[in-house]
Amino acid sequence: MKITDLKCAVIGSNPVVRVITDAGIDGYGEVELSKPYLKPHVLFYRDLILGEDPTDVERVMLRIRKLGSFKPWGSAVSAIEMALWDIAGKAANLPVYKLLGGKVRDRVRIYNGAVRFPLNGYEPEDMAANMALMKARPEKFSIIKQGISFHSRMPQDRPEFFMFDARAGQRHFARGPLTERGLKHIVACVAAMKEVLGDEVGLALDCGPGWMLPDAIRLARALEPLNIMWLEDMLTGDYTPYVMADLYRELTHSTTTPIHTGEQVYLRQHFKELFEKQAVRIVGPDPCDVGGLAELKWVAEYADLHGIMMAPHGTNDGLLGLAALVQVSATLPENYIAFECPIGKPGWWYDIVEGLPDPLVVDSHIAVWDRPGMGVDLIPEAAERYLLPEDADFFAW
């Protein structure tokens, strides 16, 4: 079997990768919906993989892996890797989890970082009311993640809480010290949300990046009585192209509140220092950024050797990304907590794919399916209407 073409189409806002073979088998991968600009980056790799056997996944990846980088520049490589696994599973008539070593769980726990309701404001009562809506969802989420401080509009809406001027027009790129008033307000908001959730639902907090280390330590210690699931990306993360393991180590060792990072990290090599320095308690690599499924599994195994937990990121990965997360999460070791469950945006995405169970999430879990490959495919006849004119031949052979 040989690769005969690599195509990429932006469907909705998600770049979707399609790898085509001379055996009449194709495979799909998906890039986060926040990255429609990456289509040319995906197609850059086309000539490097043509003629290769897609079922020799690692051999193909050795041709392109070193050309990626931290988020967002590892996404193209990651999506191609997922498409290769999709083909390999279809060719073998096996689900991808079988090719990754087999499943250790029949259902995978997910957490909510994507199902959202409009926030009326950033007062404690606003955040508590919003959390009550998410708690009442039929999925019965066992963990809910909420953005606060630098991973929200707090710097823009509550400027008196920060000792700097928030930069207009930028998302999650503010950074600087907090006022005492700001720190107390964040603690009050978290306490209000936790009051709603009680001990029935875990509360995780997406915090930045943007925190100064002293403020991060103060917040983590202040929240210790509330048993927060984790504080995510306080110092670096998201689109930060570096890790700063020494700073994370100081933060982690100053508190019992679990510290989390890793969604922006590309490749196993950049997790090594975090693990070996015991710099965090939890990591959250995203299969659409870290280099793909095999890379994520390697990171999870190495994390487990160092007593570090695993909660893969995935909020914008789309429904093909969701399928990939189900497959790889079924294979992860016992340090697995849950993955961040993507949703289809816009809602018509659910009409252009086949293979998802209905209902998808039951008691905060997704049952692992056994269909070949990733087990979820695009329906060409349904999806064609959403293709841009320049992508009209996306489903052609």
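This one's a predicted model, so the numbers in the text were calculated from it and none came from an experiment.

*Asks:* With reference to specific residues and values, describe the overall build of the protein chain.
*Replies:* Helices and strands together make up the secondary structure of the protein chain, namely 15 helices and 14 strands. For a compact globule of 397 residues, the expected C-alpha radius of gyration is about 21 Å, and the protein chain comes in at 21 Å, within 12% of that figure. When the backbone C-alpha atoms are referred to their principal axes, the protein chain occupies close to 65 × 40 × 40 Å. Within the protein chain, the proportion of its 397 residues that are buried is 60%. By element, 52% of the accessible surface of the protein chain is carried by carbon and sulfur atoms, the whole surface being about 15400 Å². The centroid of the 41 positive side-chain charges in the protein chain is displaced by 3 Å from the centroid of its 54 negative side-chain charges.

*Asks:* Outline the sheet that holds strand β1 (residues 3–11), listing residues and values.
*Replies:* Spatially, the 3 strands line up as an open sheet ordered β1-β2-β3, and their pairing is antiparallel. Each of the sheet's edge strands pairs with one partner strand only, and the pair in question is β1 and β3 (26–30). Between one strand and the next, the sheet's axes are offset by a mean angle of 20°, whatever the strand orientation. One ladder, built from 5 bridges, connects strand β2 (residues 14–21) with β3; its direction is antiparallel. Across the sheet, Val19 pairs through a bridge with Gly27, a residue of β3. Running over the sheet, helix α4 (residues 75–92) touches β1, β2 and β3 and is turned about 145° from β3.

*Asks:* Quick one: what's the story with the sheet that holds strand β4 (residues 107–111), residue by residue and with numbers?
*Replies:* One open sheet holds the 3 strands; their spatial order is β11-β4-β13, and the pairing between them is mixed. The sheet is open, and its two borders are formed by β11 (339–340) and β13 (365–367), each paired with just one other strand.

*Asks:* I'd like a description of the side chain of Arg18, backed by residues and values.
*Replies:* Residue placement: Arg18 occurs in strand β2. Take Arg18: its relative accessible area is 1%, and that puts it in the buried class. Side chain to side chain, Arg18 and Asp26 meet in a polar contact 2.8 Å long. A polar side-chain atom of Arg18 sits 3.4 Å from the main-chain carbonyl oxygen of Phe395. In contact with Arg18, not counting residues within four places along its chain, are Asp5, Leu6, Lys7, Asp26, Gly27, Tyr28, Phe394, Phe395, Ala396 and Trp397.

*Asks:* Any chance you could break down the pattern of salt bridges for me, citing the residues and the numbers?
*Replies:* The tally for this structure, following the rule as stated, stands at 32 salt bridges. Note that Asp47 and Arg46 form a salt bridge whose closest N and O atoms lie 3.3 Å from each other. Exposure remark for Arg46: the relative accessible area of 29% places this residue in the partly exposed category. The salt bridge involving Lys71 is made with Glu263; its shortest N-O contact spans 2.8 Å. With Lys71 in the loop between α3 (57–64) and α4 and Glu263 in the loop between β8 (259–261) and α11 (272–276), this pair connects stretches of sequence that are 192 residues apart. For Glu263, a relative accessible area of 3% puts it in the buried group.

Here is what the cut-offs are and how they apply
- Residues numbered from 1 in each chain as written.
- Predicted model: local features only at pLDDT ≥ 70, side-chain atom pairs only at ≥ 80, totals over all residues.
- Heavy atoms only, no water.
- Helix = DSSP H or I, 4+ residues; strand = E, 2+ residues; numbered from the N terminus.
- Rg over C-alpha atoms; globule rule 2.2 N^0.38 Å.
- Buried < 20%, exposed > 50% of the residue type's maximum accessible area, 1.4 Å probe, protein only.
- Areas by Shrake-Rupley, 256 points an atom, 1.4 Å probe, with all protein chains shown as cover.
- Lys, Arg positive; Asp, Glu negative; His and termini not counted.
- Charge placed at Lys NZ, Arg CZ, Asp CG, Glu CD.
- Pairing = 2+ DSSP bridges.
- Axes fitted to C-alpha atoms, helices over the stretch in contact; angles between N-to-C directions.
- Contact = heavy atoms within 4.5 Å.
- Polar contact = N/O pair within 3.5 Å; in protein donor to acceptor, adjacent residues only side chain to side chain.
- Salt bridge = Lys/Arg side-chain N within 4 Å of Asp/Glu carboxyl O.

Read these as geometric descriptors, not functional statements.
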